[in-house]
Amino acid sequence: MNQSVKRMTLVFSILLIMLFPVTAHAARFRVTPKANAFSISVKWGKKKGAVKYALYRADVTKNYNSGWDTPLPAKSAYKKLKTLKGTTYTDQKVKKYHFYTYYVTAYNKKGKAIASTYSSDDITYMCKGFGEPGLINNGIGENHTNTTKRLYLYVEPSYGGLDTNGASVYIYRRKKGSKKYKKIGEFISEEGNHEYTDQTVKPGQTYYYKAQIVGTAEGRTLRSKKSKALKISACHFTAKYKVKCLTLAGTERSANKKEILLQLSNGNKYNGETVIKPAEGIYNCTTSKGEPHSYGFHFTKYSTDGKNWHPIPSKGVALPKKKALYLKGDILKGDQKEIVFCGTGGTSSLITSEEEEIFDYSGPGVGWTLTTLNLTKGTGKALEMADY
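Below is a summary of the structure that appears in this document.

Reading the values: rules and limits
Residues numbered from 1 in each chain as written. Predicted model: local features only at pLDDT ≥ 70, side-chain atom pairs only at ≥ 80, totals over all residues. Heavy atoms only, no water. Helix = DSSP H or I, 4+ residues; strand = E, 2+ residues; numbered from the N terminus. Rg over C-alpha atoms; globule rule 2.2 N^0.38 Å. Buried < 20%, exposed > 50% of the residue type's maximum accessible area, 1.4 Å probe, protein only. Areas by Shrake-Rupley, 256 points an atom, 1.4 Å probe, with all protein chains shown as cover. Lys, Arg positive; Asp, Glu negative; His and termini not counted. Charge placed at Lys NZ, Arg CZ, Asp CG, Glu CD. Pairing = 2+ DSSP bridges. Axes fitted to C-alpha atoms, helices over the stretch in contact; angles between N-to-C directions.

Regarding the overall build of the chain
Across its full length, the chain holds three helices and 30 strands. Taking 2.2 N^0.38 as the reference for a compact globule, 388 residues should give roughly 21 Å; the C-alpha atoms of the chain span a radius of gyration of 28 Å, well beyond that estimate. Along the first, second and third principal axes, the C-alpha set of the chain runs to 90 × 50 × 35 Å. The buried share of the chain, reckoned over its 388 residues, is 46%. Of the roughly 20,600 Å² that the chain leaves accessible, carbon and sulfur atoms contribute 50%. For the chain, the separation between the mean place of its 62 positive charges and that of its 31 negative charges on side chains is 11 Å.

Quick look at the sheet that holds strand S9 (residues 134-137)
Strand order in the open sheet formed by three strands is S9-S10-S13, with antiparallel pairing between adjacent strands. At either end of the open sheet lies a strand with only one pairing partner, and these are S9 and strand S13 (195-198). Pairs of neighbouring strands in the sheet enclose a mean axial angle of 30°, with direction left out of account.

Some thoughts on the environment of Leu325
As for its placement among the helices and strands, Leu325 is situated in strand S25 (residues 325-332). The class of Leu325 is buried, set by a relative accessible area of 1%. The spacing of Leu325 and Tyr207 is 118 residues in sequence and 25 Å in space, taken between C-alpha atoms.

Given below as structure tokens:
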């Protein structure tokens, strides 16, 4: 799952717990932290029979940044802050851009622990100042709204910090190949208004974006940590390729695989990046007599000149923007009696893959790749299918 989507899921899930706790927890002894500009205020309800309370804290910044798959902190991760008779505490020893969670243990006059707010599966985290915003590609979906001239962003509210309504949202951008981010725009954060459209992109260029919350609290200007970088290319959702089959049609009966050689190049200068992987896809063909055949297939080697060959690494090899890439691949016999390869003959000769099996196309959205190479026609395409 995409990392920004994973973190959004975690944040949304915890927010639901905060806003709509289950009935079994409604009357539970709880602790509630609140963000201030330069501290975190913590309060909890009185517990009958309690004469003092021990307050514990854990730094959950790594948990917050790691997404849904990271477990919540164990009890051993908490450190005791203070023992108090009251039910409030202002924690001023908190680091900038760090998130914290708390629990309280109540003790009676005999010194016996009688209740605790600790939970291994339900926490409320908080930071001082503004929390780090999230940044999402907002140009995906059924209508594929991102184009080679416009890219759409959505800034997630910064949960766990001060309310961002009325604060400014700064948008920063850098081009691929550059290290410096430049501020390209800003808007006021309001409920239901976190969208930004970059209308200054150049076709074919890849961009990296960051967002930051800037506002005033307690008489001073506060800045959130900048969001994690979001990468979007101002390219087409559908890539087009030119394919040249360099292997003659034929039938292989004795071997378990048949090697074929292809030449692949971009057919549109505004294609996004295509990465070819050594995973297995499918080769389908129909002979001139109307006989259908289907086999497993994978690419094994690549060359930039057709002479010097290299194994395709597990991470794949990128298709050059302007030059052709030579590819060797194996059609796998499997449990069939023979391998029929039509090449540019027959009525169809197709290599297909889904879910980034062989091809991983980075279009302007967030989704998975559906690819077809038509050896008969000498064309190919990769569609970025949007995730919902």
